[in-house]
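Each chain, letter by letter, is given below.
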Amino acid sequence: MRLSRYFLPVLKETPAEAQIASHRLMLRAGMIKQASAGIYSWLPMGFKVLRKLENIVHEEQIRAGHIPMLMPTLQPADLWRESGRYDDYGEEMLRIKDRQGRDLLYGPTNEELITDIFRSHVGSYKDLPLTLYHIQWKFRDEIRPRFGVMRGREFYMKDGYNFDLTREDALHAYNRHLVSYLRTYERMGLQAIPMRAESGPIGGDDTHEFLVLAETGESGVFYDSEITDLRFGDREIDYTSVEACQAVMEEFTSRYARTDDTHDEAVFHDRVPEERRRSGRGIEVGQIFYFGTKYSEPMGATVQDRDGNTVPVHMGSHGIGVSRLIGAIIEASHDDRGIIWPEGVTPFHAGIVNLKTGDAEADAACEAIYASLTALGLEPLYDDTDDRAGAKFATMDLIGLPWRITVGPRGLKNGVVELTSRRSGESEELPPEQAVEKLARIYAAHRIGSLPQPV
């Protein structure tokens, strides 16, 4: 993409309503624009990052054996009355009537709708296990929407639902989701710690939230510092193996890590040596639940088991806040100049800055680098505008692309361009083809081979 043809409405001043770094930087970098309280338009660069995160979520869910689908944003209220949650959910649910006077709601979650789909089409244990998921816009009428996409009223979320014959099978699905979430967050450049949490209106006794440590987090957290040393890494795992998934679950949840809702000071002091006790704030970016037959029993989601008995299925639900993740990534990765995107989620792989647009040699060198990167399947953002060099650097720092290639007449006389890391600030002079080769090697580590690209 050439910056002269792109829509990137960067702001020089920070809007007064932005209280935290991610909100300030998303507005200034031209990623979002507020439409009304807690509701945002996603401008091209913000939308591009949103799609990248969505693709990672899809890829890891498909890798785990989960099946994508799509459910509507509007749901019939009668399904929620059937489960008993319609009146219990509170004022966060947006309730509306259509022209026929039928009660509808803008879905904050989809347990009822997916249970209705399941009971309409599945009747035998032979069709289990089954996990369906989708990524869809949700709405919760927050009383005080704030912090930009971190606590908006409209948000983009992956929610998945497992259906299993027994509690043991459903707990394997729970563990399988935990593993897939660890992989997902690490690919995004995040460390998201699974912490014992409250289930809230979704229900169930088994639940973990995934939290990114950040001073601006909405949740208080208490944890053993050893957990911050854990990484899933590039290990392979057989998702069908109960033992393998259980081992990862135990590895990542055996140490004390809880939100303030479930924190027990006595247990904390008993289990964690004083030098490893930590407390702070965390941003919730996902949550997994096992709630047994909470929905299947009242809604009649049953199957015939091996002995011909009709039994309710065991269920769980599993969410990732895709739009919220963008805010979490920025909170975890920024400086006073702007965003610092991890390579796995950056909207463009590198920025190309032409220090003297209009100079024949500089223009030709930039075009050649642009073509080489594009031929390798990388997406550069080429600043071909007439802005001053300082303004170009400031824009690149603000939008946070991990790498910048600077091209100018002085360097070209020596046969080199400058390759700069946004994270470290370090620069090196390289011949243009070597700069391209280095970027190709860096980004090769962030590709996932032959997995499907569903979006």
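Nothing here was measured: the structure is a model prediction, and the numbers come from that model. (Residues numbered from 1 in each chain as written. Predicted model: local features only at pLDDT ≥ 70, side-chain atom pairs only at ≥ 80, totals over all residues. Heavy atoms only, no water.)

Q: Give me the sheet that holds strand β4 (residues 74-76): which residues, what numbers.
A: Within the open sheet, the three strands sit side by side as β4-β6-β5. Their pairing is antiparallel. Each end of this open sheet is capped by a strand with a single partner; those strands are β4 and β5 (94-97). For this sheet, the mean inter-axis angle between neighbouring strands, taken without regard to orientation, is 35°. Note: β4 against strand β6 (residues 103-106), three bridges, orientation antiparallel. (Pairing = 2+ DSSP bridges. Helix = DSSP H or I, 4+ residues; strand = E, 2+ residues; numbered from the N terminus. Axes fitted to C-alpha atoms, helices over the stretch in contact; angles between N-to-C directions.)

Q: Break down the packing of aromatic side chains for me, with residues and values.
A: All told, the structure shown has 12 aromatic pairs when counted by the stated rule. Judged by centre distance (4.9 Å) and plane angle (40°), the rings of Tyr256 and Phe268 are tilted. One end of the pair, Tyr256, is in the loop between α6 (242-253) and β12 (257-259); the other, Phe268, is in helix α7 (residues 265-271), with 12 residues separating them in the sequence. Through pairs of rings, three or more aromatic residues link up here, namely Tyr181, Tyr185 and Phe210. Across from the ring centre of Tyr86, 4.5 Å away, lies the NZ or CZ of Arg81, which sits over that ring. (Phe/Tyr/Trp six-rings, centres within 6.5 Å; stacked < 30°, edge-to-face > 60°. Lys NZ or Arg CZ within 6 Å of the ring centre and 35° of its normal.)

Q: Give me the lowdown on the side chain of Arg324, citing residues and values where you can.
A: Tracing the chain through its elements places Arg324 in helix α9 (residues 322-332). A distance of 2.4 Å separates the side chain of Arg324 from the backbone oxygen of Met150, its partner in a polar contact. Excluding residues within four positions of it along the chain, Arg324 makes contact with Val149, Met150, Arg151, Glu218, Ile283, Glu284 and Val285. (Polar contact = N/O pair within 3.5 Å; in protein donor to acceptor, adjacent residues only side chain to side chain. Contact = heavy atoms within 4.5 Å.)

Q: Tell me what's going on with helix α13 (residues 432-444), and back it up with residues and numbers.
A: Under the 1.5 Å per step criterion, the end-to-end length of α13 is 19 Å for 13 residues, consistent within 8% with the ideal 18 Å. Ala435, Val436, Leu439 and Tyr443 are the residues of α13 that are buried. The buried side chains of α13 occupy one side of the element, clustering within an arc of 100° when seen end-on. Of the surrounding secondary structure, the elements contacted by the buried residues of α13 are β19 (350-354), α10 (360-375), β21 (403-407), β22 (417-421) and β23 (427-430). (Expected span 1.5 Å × (residues − 1). Buried < 20%, exposed > 50% of the residue type's maximum accessible area, 1.4 Å probe, protein only. Arc of directions from axis to C-beta.)

Q: Mind laying out helix α2 (residues 44-63), listing which residues take part and the relevant values?
A: Taking 1.5 Å of rise per residue, the 20 residues of α2 would be expected to cover 28 Å, and the 28 Å separating its terminal C-alpha atoms lies within 8% of that figure. In the segment just after α2, Gly65 is the residue with positive phi, at about 95°.

Q: Break down the side chain of Asp224 for me, citing the residues and quoting the values.
A: For Asp224, the position within the fold is in strand β11 (residues 219-224). From its side chain, Asp224 meets the backbone nitrogen of Glu226 in a polar contact 2.9 Å long. Here Asp224 is in contact with Arg255, Tyr256, Val272 and Arg276, once residues within four sequence places are set aside.

Q: How would you summarise the environment of Arg306 if you had to cite specific residues and measurements?
A: Positionally, Arg306 belongs in the loop between β14 (302-304) and β15 (310-312). Of the residues examined, Arg306 reaches a relative accessible area of 61% and is grouped as exposed. Along the primary structure Arg306 and Ser124 are separated by 182 residues, whereas in three dimensions their C-alpha atoms are 8.6 Å apart.

Limitation: the analysis is restricted to geometry and does not speak to function.
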